[in-house]
Amino acid sequence: MKNKKLMAVLISACVTVSGTLNAVAFAENYIMGDVNGDSKVDSSDSSLLLMQYSKISTGMQNDWSDVQNAAGDVNFDGLIDSTDASMILRFYSYSSTGGNASPYDYFHQPYDYEETTQPAETTPVTTQPVVVTTSVVVPQAIVLKEKTVNMIADETYYPYISVIPGNAENKTVIISSSDNNIAVAASDGMILARSAGTAVITVQCVGNTDVSAQITVNVSVPTTTTVPTTAQPQTTTTSRQDLYNKYINEVGCLVNEARSQSGLPPLKMSPYLIDIGNLRAKEISVNFNHTRPDGSSFDTIIDSFAHPYYFLAENIAAGSATPSDVMSSWHESSGHWASIMSSQTTHMGIGVIYTGTGYGWYWSQVFMQAAGGTMEGEYYPSR
């Protein structure tokens, strides 16, 4: 089952010329719910989705394309399941009886378009009171990507949490720790490891307090050599930006390790390209596309006069919570991996942001062949 998104695009340019878009990126011009590609949303789409769900549930590989998975996930919970099939049937019923909302509008706010049933007229003879029951969809389960996490003191971790069904009316969760001296659970979902030991993190659904899930956190403290000193110990706390910087550097190291294994030279990091990568990460959290939120192509973010280039490429991803996870996702896609392993590239920039909404984590990679061969402040990432 897919709970991540990936896109890649390459641009070739001559110094200040923007160049042309390569076909590496898949088209996102799809209709929500239209999983069979016939430009209609009807019962055949629901049946096809149920068959796919049945295959996935029995352990078979999800062989749908990215577009099909995006079209099928009509409740935006990152899963392809019976709930999506049911919503597609509801839309088909709605549109067949004169409803004119687009699939996109309907699936974003389905209850805004549901028809309200009017009570039937009755004669005054032996009329019985009519009881109307309103059905409220409540959360049934919490799905966690990891049940056990091994951490080092002062390290932070954001768990991937999914509440099902996707159309539950209140999917808010609260997160708590069995021992705050070992691991602290913050209100935004972040887990901070503090000292050696084991703590149990409980995720509980506000919409149904009987629904919960747990993560076992094992915290270790690395062995260090202590030099006697009269100075007082200092306490440091890992901030969100510290974590981003750590992840950016780690992705850079993983890129160069992969390139080295293929006999390719390492890439240098550029502070300018890191700023670009971070800005693109924020932009794709709003519009996951190589088109920027203002409608322009991603390459317009580069000041090609101040930073001329011969080659430019971009990878984006969403849903991966760690550097190794996102690199594995890119490795599984030939288009993304081609950008990482390109022999034309000399520099790279990485960006990452955690939003707490949508897919949670958003990542970007920007690869460039600098026209001058060097960039200001360039350096090789290292651990």
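Criteria and thresholds
Residues numbered from 1 in each chain as written. Predicted model: local features only at pLDDT ≥ 70, side-chain atom pairs only at ≥ 80, totals over all residues. Heavy atoms only, no water. Helix = DSSP H or I, 4+ residues; strand = E, 2+ residues; numbered from the N terminus. Buried < 20%, exposed > 50% of the residue type's maximum accessible area, 1.4 Å probe, protein only. Pairing = 2+ DSSP bridges. Axes fitted to C-alpha atoms, helices over the stretch in contact; angles between N-to-C directions. Salt bridge = Lys/Arg side-chain N within 4 Å of Asp/Glu carboxyl O.

**Notes on unusual backbone geometry**
We note that S39 has phi near 65°; this positive angle belongs to a residue other than glycine. Among the secondary structure elements, S39 is positioned in the loop between strand 2 (20-21) and helix 1 (43-57). Since its relative accessible area comes to 55%, S39 is described here as exposed.

**What about the sheet that holds strand 11 (residues 212-220)?**
Pairing within the open sheet is mixed, and its 4 strands lie in the order 4-11-10-7. Every interior strand has two partners, whereas the edge strands, strand 4 (148-152) and strand 7 (173-177), have only one. When strand polarity is set aside, the average angle formed by the axes of neighbouring strands in this sheet is 25°. Relative to strand 10 (residues 197-205), strand 7 runs antiparallel, the two sharing 5 bridges. Pairing of I174 across the sheet is with Q204, part of strand 10.

**A closer look at the pairing of strand 3 (residues 141-144)**
Burial along strand 3 is one-sided: the face carrying I142 and L144 is buried and the face carrying A141 and V143 is not. As defined by bridge partners, strand 3 adjoins strand 6 (residues 161-164) across 4 bridges and the pair is classed as antiparallel. Looking at strand 6, one finds that A141 is bridged to I164.

**Side note on the pattern of salt bridges**
Counted under the stated rule, the structure contains 6 salt bridges. Salt-bridge contacts for R280 lead to E283; the nearest nitrogen and oxygen are separated by 2.7 Å. With a gap of 3 residues between them, R280 and E283 both fall in helix 6 (residues 271-284), about one helical turn apart. Classification of R280 by relative accessible area gives buried; the value is 0%. Accessibility expressed as a relative area gives 11% for E283, which makes it buried. A salt bridge links R292 to E283; the nearest nitrogen and oxygen atoms lie 2.7 Å apart.

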